[in-house]
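# Reading the structure
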Amino acid sequence: MLGDANFCSSREHFESVVDFLDGEEAFVLDHGSLEARLEVSSRELFRRLFQDHLDLRAQREARIEGVVDSAGTPRDSIEVGHHRALCTVFGEVRVRRFAYRQRGEENLHLVDASLNLPEEKHSHGLRRWSAIEASRGSYDEATAAIERGTGQKVGKRQVESLAERGASDVDAFYAERSVPECAPGDVLVLSVDGKGIVMRPEALRGATKKAADDASSKLKGRLSRGEKRGRKRMAEIGAVYDVTPVPRKPTDIMASRDDEQVKGPEANHKWLCASVLEDAAPVIGDVFDEAERRDPEHLRTWVALVDGNNHQIDCIKAQALKRKINVTIIIDLIHVLEYLWTATWCFFDEGDPRAEAWVRTRALAILDGGARNVAAGIRRRASSEGLMASDRKGADACARYLTNKAAYLDYPTALAGGWPIATGIIEGACRHIVKDRFDVTGARWSVDGAEAILKLRVVRSNGDFDDYWRFHLFREHERVHRSRYANNVIPRAA
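The rules behind each value
- Residues numbered from 1 in each chain as written.
- Predicted model: local features only at pLDDT ≥ 70, side-chain atom pairs only at ≥ 80, totals over all residues.
- Heavy atoms only, no water.
- Phe/Tyr/Trp six-rings, centres within 6.5 Å; stacked < 30°, edge-to-face > 60°.
- Lys NZ or Arg CZ within 6 Å of the ring centre and 35° of its normal.
- Pairing = 2+ DSSP bridges.
- Helix = DSSP H or I, 4+ residues; strand = E, 2+ residues; numbered from the N terminus.
- Axes fitted to C-alpha atoms, helices over the stretch in contact; angles between N-to-C directions.
- Expected span 1.5 Å × (residues − 1).
- Buried < 20%, exposed > 50% of the residue type's maximum accessible area, 1.4 Å probe, protein only.
- Arc of directions from axis to C-beta.
- Contact = heavy atoms within 4.5 Å.

### Structural notes on the packing of aromatic side chains
Per the stated rule, a full pass over the model turns up 15 aromatic pairs. Here the aromatic residues Phe173, Tyr174, Trp271, Phe465, Tyr468, Trp469 and Phe471 are joined through ring pairs into a cluster of three or more. Sitting over the ring of Phe20, Arg37 keeps its end group 3.9 Å from the ring centre. Directly above the ring of Phe474 sits Arg482, whose terminal nitrogen or CZ lies 4.8 Å from the centroid.

Right, here's the structure in full:
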């Protein structure tokens, strides 16, 4: 039971709510009005309960002798009456506690450590709200959602700062988490891609910033034809996942309308990472780190799915060579089909039904290992039809792509091995990790702000947010409190 002298404020407020509900004013309200009134009252009740509990802790706080900081300096002076504010999801409270002092040194507060208080005024509860809502939508929407959910007004800049703080341990969390179990024979798939984010001018990488500075629009009110705004910084997205092999034939992939569709391999234990701070090489390194966690002895089949970006391919090769891993690089079939369709319109008019059959025939040939033969055939047709250079651009681009990328178009091996040959996982990640959040109209990002939101969206997409948050609070306690005491041990009363 609560002591008579304690929680008086909470009791007083509770009794006032009961009196209101028992009075005539409440009886003329509909359920919605009652609900709104009680929602506000409940927050105030829990704020007072919180405050009364903190006051009780202050009353019961015992002096502890022999407090020593991390530098070995003893705190022999103990001073009472020190306060600090804490803005919680219920409202603002004040924490009263002893200060363990030494002249010229920062005060230590053992109660702060026992409560795991943050360095800033806003509680971990509000930090959690900020991390979730800021990663879900715009900062304006986040501030509105926090006020709707908690009744607390948190400024836009505070939400941005809290979200950044909340994302600080994502990399450490993934470095320590357990390895998912996979079935024997499952293939280990790696995939990477990039997506641009509109940045503030000072946040652009050197080459992009120079291009933006050098660019001078011919028109004042809009961009001239062919001009581009040099305002995006590339965010790199990586994925690692397991698949159970599903062997297929070329006709299973390019099935006709009458053919029965064959379902391809499904991704299991999908893990995503993302960064706008780092470029492709470090992110691909992170992808390989995760893959090696799953297969440290390099006993499984490794497949890297890409869209044909040469820099990404070079980085994958460099990591594989460095780690002595055999990785088969496969270019996404969808990108190949896009090139085929571009070539098609050099030979057929828009809407010509023969175009689809032409693409399917050549796609089947590429799936059967004939990429170079298809490229040669496209060039021959363009020449035999006497197409002008301007009319055969699409055909030449397709033939050049198939020839240059032929080493990464070994679809016969991939289909026989039951591997995936499309980058749907990473394409989807680029869309929902980057585009759905960062393409907000008018948004301009700092590097730190964009990096934090990317990390939080990755954690949420991976389904790890609750586990991550527990880890984050543990690390906060270690960083903010335990690190200030000798041997990282917080003294306690005997």
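Next, the rest of the story.
### Describing the sheet that holds strand E3 (residues 187-198)
Read across the sheet, five strands follow the order E5-E4-E3-E6-E7 without closing on themselves; strand pairing throughout is mixed. Looking at which strands have only one partner, the edges of the open sheet turn out to be strand E5 (267-275) and strand E7 (327-331). Mean inter-strand twist for the sheet, computed between neighbouring axes without regard to direction, equals 25°.

### Things to note about helix H16 (residues 393-404)
Given a rise of 1.5 Å per residue, twelve residues ought to cover 16 Å, and the 16 Å separating the end C-alpha atoms of H16 matches this to within 8%. What H16 keeps buried is the set Gly394, Ala395, Cys398, Ala399, Tyr401 and Leu402. Buried residues along H16 cover an arc of 160° about the axis, so they all sit on one side. H16 presents Lys393 and Asn404 as exposed residues on the side facing more than 90 degrees away from its buried surface. Buried residues along H16 sit in contact with E7, helix H13 (333-344), helix H14 (354-367) and helix H15 (371-384).

### Some thoughts on the pairing of strand E6 (residues 302-306)
Judged by how many residues are buried, E6 sits mostly within the fold: five of five residues are covered. Both faces of E6 are covered, namely the face carrying Trp302, Ala304 and Val306 and the face carrying Val303 and Leu305. Where E3 lies against E6, four bridges are found, and the strand directions are parallel. Within the sheet, the bridge partner assigned to Leu188 lies in E6 and is Trp302.

### A few points about the environment of Leu86
With respect to the element layout, Leu86 can be found in strand E1 (residues 77-87). Along the chain, Leu86 and Ser123 lie 37 residues apart, while their C-alpha atoms are 6.3 Å from each other. For Leu86, the residues in contact, after removing those within four places along its chain, are Phe50, Gly91, Glu92, Val93, Val95, Leu117, Pro118, Lys121, His122 and Ser123.

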